[in-house]
Amino acid sequence: GWTRARALEVLADAWGDAPDDTAIEVDRYIALPGQALCYTVGLREIRRWRDHHVPPANRQALMAFHDHLLDLGSLPLPSINREMEVFDAHA
């Protein structure tokens, strides 16, 4: 129920971004309200996969994980999940 002006104010206070950047974010959320939710779900899944496959402080495994994930390209989360189930960071 917020106005655009209220959203701009809250986001600017919370993030401290430049006004133009804040307006872009607010306008994107207005036009595509599910975008932030989709982004957050994807972020959580990627972190879950990383935590499962990459030992702490293992830079090589982290790089292998990132390479593998990016090589998959743009896929739906269930497809990426299938690919990540067989991923071995030490391979």
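For the structure itself, look to the data block above.
Calculation rules
Residues numbered from 1 in each chain as written. Predicted model: local features only at pLDDT ≥ 70, side-chain atom pairs only at ≥ 80, totals over all residues. Heavy atoms only, no water. Phe/Tyr/Trp six-rings, centres within 6.5 Å; stacked < 30°, edge-to-face > 60°. Helix = DSSP H or I, 4+ residues; strand = E, 2+ residues; numbered from the N terminus. Buried < 20%, exposed > 50% of the residue type's maximum accessible area, 1.4 Å probe, protein only. Lys NZ or Arg CZ within 6 Å of the ring centre and 35° of its normal. Arc of directions from axis to C-beta. Contact = heavy atoms within 4.5 Å.

A closer look at the packing of aromatic side chains
Aromatic ring pairs: the centre-centre distance and the angle between the two ring planes describe each pair.
Right, on to step 1. Using the criterion set out here, one finds one aromatic pair in the structure.
Right, on to step 2. When the ring of Phe65 is compared with that of Phe87, the centres are 6.1 Å apart and the planes differ by 65°; the resulting orientation is edge-to-face. Here Phe65 is found in helix α4 (residues 59–71), whereas its partner Phe87 is found in the segment after α5 (77–85), with 22 residues between them in sequence. Per residue, the accessibility class of Phe65 equals that of Phe87, and both read buried.
Right, on to step 3. Above the plane of the ring of Trp2 lies Arg6, whose end atom (NZ or CZ) is 5.2 Å from the centre.

Examining α5
Right, on to step 1. Residues of α5 that are buried include every one of Ser79, Ile80 and Met84, and no others. Down the axis of α5, the buried set is contained in an arc of 135°. They therefore lie on one face. With respect to the buried face of α5, the exposed residues turned more than 90 degrees away are Pro78, Arg82 and Glu85.
Right, on to step 2. Next to the buried residues of α5 lie α3 (35–53) and α4.

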